[in-house]
Amino acid sequence: MGSRAAEAHRVTALVFDGMKLLDLAGPFEVFAEAAKFGARYELEVRSSDGAAVRASTGMRVPVDGAVDSATDVGTALVVGGDALPVSPMSPELKAAAATLSRRAARTASVCTGAFVLAAAGLLDGRRATTHWQHARLLAAAFPQVTVEPDAIFVEDGTIFTSAGVSAGIDLALALVERDHGAETARSVAQSLVVFLQRPGGQSQFSPSLVLPRPRTPVLRQVTDAVAADPADDHSVNALAARAHVSPRHLSRMFRQELGSSPGKYVESVRVDAAIRLLHAGQSVTACAQQVGIGSPETLRRVFLARVGVSPRAYQQRFRTTRHDSTVLDDADAPDR
């Protein structure tokens, strides 16, 4: 499945029945595309017993052999599957992951592949991530793992875990950059017409989606008002007056139902609104004013804390071609 040159870095993927095909195809396309720019990766696919597997699409996926016969592994790549978080995991799959990881210089998982690594004991005492929908379950099932639910990918020593589906492409680009430099990774991203690698700590999804919708009608009324007009006066006193409760009682409701203070909740909604404005091509200064955060420097500070990159860097990475002519204002200068 690739060059047999001795200099090649071998990437061995562990697959199984029910695997997500994109978890395999996405990273493998990145590694294969890197060959056009001087990188040398050898790609192979293995199962626990050497038998072909069926992806979640029903497609038959041939393999190069069993994990037990794998040698000279540079990167062990464990893909995900819908059943992994909710069904018993076979001892053979866990053993195969442990064996492959021992033979590899580094180990990576895509999406729910983190459950395989955790079940094999490879994440004990480590930080990890997975698809946001399954992050709480991963943390509950494996309390010895420190789960970071809002990261694109997490590196802890020689173990890399990534979030849902397309995050496997981000992780593969990061590994290409580590192996061959930023210019090669940039060229691969451009060739595949994907966003240049998102930093591992960047949010998987918009900040306000982290918090559940309140059960209490009065609190839903408050949060709906915040979402409807993020720039309005949403101090705890103003919110409490709108809900006809005391500020102390409102704060207690937020903590009990949302696990957040009113101020932090409002901040998350404002950052979410700023993200939408950045996508629309607004400047950082305009975003700060329109969402009620005030100064661009304050927006930059909260954006870095919640999203993992600055507003200017976010816009540069994720704006579409129709916004390429956007002129960033002088308030964005701290990132230059």
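Conventions used here
- Once a new chain begins, its residue numbering starts again from 1 and follows that chain's sequence as written.
- With the structure being a predicted model, the display of local features is reserved for residues of pLDDT at least 70 and the display and counting of side-chain atom pairs for 80 or more, all residues being used for whole-chain, interface and lining totals.
- The basis for every side-chain value is the complete set of non-hydrogen atoms in the structure, without hydrogens or water.
- Helix numbers and strand numbers start at the N terminus; a helix is a DSSP run of H or I with at least 4 residues, a strand a run of E with at least 2.
- For every residue, the accessible area obtained with a 1.4 Å probe (protein chains only) is divided by the maximum for its type, and the residue is called buried under 20%, exposed over 50%, and partly exposed between those limits.
- Note on contacts: a residue pair qualifies if any of its non-hydrogen atoms lie within 4.5 Å across the two residues.
- Working definition of accessibility: Shrake-Rupley area with a 1.4 Å probe, residue cover restricted to the visible protein chains.
- Axis geometry follows a simple rule: fit a line to the C-alpha atoms, using only the stretch in contact for helices, then measure angles between N-to-C directions, giving values from 0 to 180 degrees.
- Should an angle fall under 35 degrees it is taken as roughly parallel, and over 145 as roughly antiparallel, whereas 65 to 115 is taken as roughly perpendicular and any remaining angle as oblique.
- Here is the rule for handedness: rotate from the far helix to the near one, and if that takes an anticlockwise turn smaller than a right angle the crossing is left-handed, while a clockwise turn gives right-handed.
- Gly falls in the polar group here, along with every residue not listed as nonpolar (Ala, Val, Leu, Ile, Met, Phe, Trp, Tyr, Cys, Pro) or charged (Asp, Glu, Lys, Arg).
- Between any two strands, at least two bridges found by DSSP are needed for them to pair.
- We define a salt bridge as a contact between a side-chain nitrogen of Lys or Arg and a carboxyl oxygen of Asp or Glu at a distance within 4 Å.
- What a helix should span is 1.5 Å times the count of its residues minus one.
- What we call a nonpolar core is a set of buried Ala, Val, Leu, Ile, Met, Phe, Trp, Tyr and Cys residues that are connected through their side-chain atoms within 4.5 Å.
- Any Phe, Tyr or Trp ring, taking Trp's six-membered ring, that has another such ring centre within 6.5 Å forms a pair; planes under 30 degrees apart are called stacked, those over 60 apart edge-to-face, and the others tilted.
- Note on handedness: a crossover is taken as right-handed if, strands pointing away from the viewer, the path from the first strand over the helix to the second is clockwise.
- The predictor's confidence in any single residue is recorded as pLDDT, a number from 0 to 100.

### A few points about the overall build of the protein
When you go through the protein residue by residue, the secondary structure sums to 13 helices and 10 strands. Scored against the burial criterion, the 336 residues of the protein give a buried share of 51%. When contacts within the protein are restricted to residue pairs at least 6 apart in sequence, long-range pairs at least 24 apart make up 66% of them. Just so you have it, the protein exposes about 15,100 Å², and 51% of that area is on carbon and sulfur atoms.

### Notes on the packing of helix H1 (residues 21-34) against helix H6 (residues 182-192)
The interhelical angle for the contact between H1 and H6, taken along N-to-C directions, is 115 degrees, at an axis separation of 9 Å. Of the possible angle classes, the one that applies to H1 and H6 is roughly perpendicular. Crossing hand, H1 versus H6: right-handed. Every residue of H6 that contacts H1 at Glu29, Val30, Glu33 and Ala34 is listed here: Val188, Ser191 and Leu192. The class makeup of the residues in the contact of H1 with H6 is 4 nonpolar, 1 polar and 2 charged.

### Some points on the sheet that holds strand S1 (residues 9-14)
Spatially, 6 strands are ordered S2-S1-S5-S6-S10-S9 in an open sheet, and the strand pairing comes out mixed. Of all the strands in the sheet, the pair left with one neighbour each is strand S2 (41-46) and strand S9 (153-156). Ignoring which end each strand starts from, the neighbouring axes of this sheet average 20 degrees apart. With respect to the sheet, H1 is in contact with S1, S2 and strand S5 (73-78), its orientation differing from that of S2 by roughly 155 degrees. Docked against the sheet, helix H5 (residues 167-180) engages S2, S5, strand S6 (104-109), S9 and strand S10 (159-162), running at close to 145 degrees with respect to S10.

### Section: the pattern of salt bridges
For the structure on display, the rule yields 14 salt bridges. Glutamate 33 serves as the salt-bridge partner of lysine 36, at 2.9 Å between the closest nitrogen and oxygen. Between aspartate 232 and arginine 242 there is a salt bridge, with the nearest N and O atoms lying 3.7 Å from each other. Taken together, the residues aspartate 232 in the loop between helix H7 (217-228) and helix H8 (236-243) and arginine 242 in helix H8 connect sequence positions 10 residues apart. Since its relative accessible area comes to 34%, aspartate 232 is described here as partly exposed. Residues participating in the shared-partner salt-bridge network are Lys264, Glu267 and Arg306.

### Side note on helix H10 (residues 262-279)
Spanning 18 residues, H10 covers 26 Å between terminal C-alpha atoms, matching the ideal 26 Å at 1.5 Å per step. The first or second residue beyond H10 is glycine 281, which carries a positive phi of 95 degrees.

### Remarks on the nonpolar core
Where a protein is soluble and globular, its nonpolar side chains tend to be buried together. Judged by nonpolar contacts, the single largest core of 64 residues is most densely connected at Met19, Leu24, Phe28 and Phe31. If you tally residues by element for this core, the top one is H5, at 7 residues. In this structure phenylalanine 28 touches Val11, Ala13, Leu43, Glu44, Val45 and Leu77, once residues within four positions along its chain are discounted. By size, the runner-up hydrophobic cluster in this structure holds 18 residues, among which are Val271, Val291, Val309 and Tyr314.

### Structural notes on helix H9 (residues 247-258)
Its 12 residues give H9 an end-to-end C-alpha distance of 16 Å, which sits within 8% of 16 Å, the value for a rise of 1.5 Å per residue. Lining the buried residues of H9 we find H7, H8 and H10. Positive phi appears at glycine 259, one or two residues downstream of H9, with a value of about 65 degrees.

### So, the packing of aromatic side chains
Under the counting rule described, the total for this entry stands at 2 aromatic pairs. Relative to tyrosine 41, the ring of phenylalanine 31 has its centre 4.8 Å away and its plane inclined at 50 degrees; by these criteria the two rings are tilted. Pair noted here: phenylalanine 31 is in helix H1 and tyrosine 41 is in strand S2, with a separation of 10 residues, a long-range link. With respect to burial, phenylalanine 31 and tyrosine 41 carry one shared label: buried.

### Observations regarding the pairing of S5
Among the 6 residues in S5, 6 count as buried, and that is most of the element. Relative to S5, S1 runs parallel, the two sharing 4 bridges. Residue pairing across strands places leucine 14 opposite valine 78, the latter belonging to S5. Each parallel crossover has a hand, and the one from S5 via helix H2 (residues 91-102) to S6 is right-handed.

### Some points on the confidence of the model for the protein
Averaged over the protein, the pLDDT score is 86; the fraction of residues at 70 or greater is 87%. Within the model, the stretch residues 1-6 combines pLDDT values under 50 with 13 contacts to residues more than four positions away or in other chains. This model gives residues 320-336 a pLDDT under 50, and the stretch forms 26 contacts once residues within four places in sequence are excluded.

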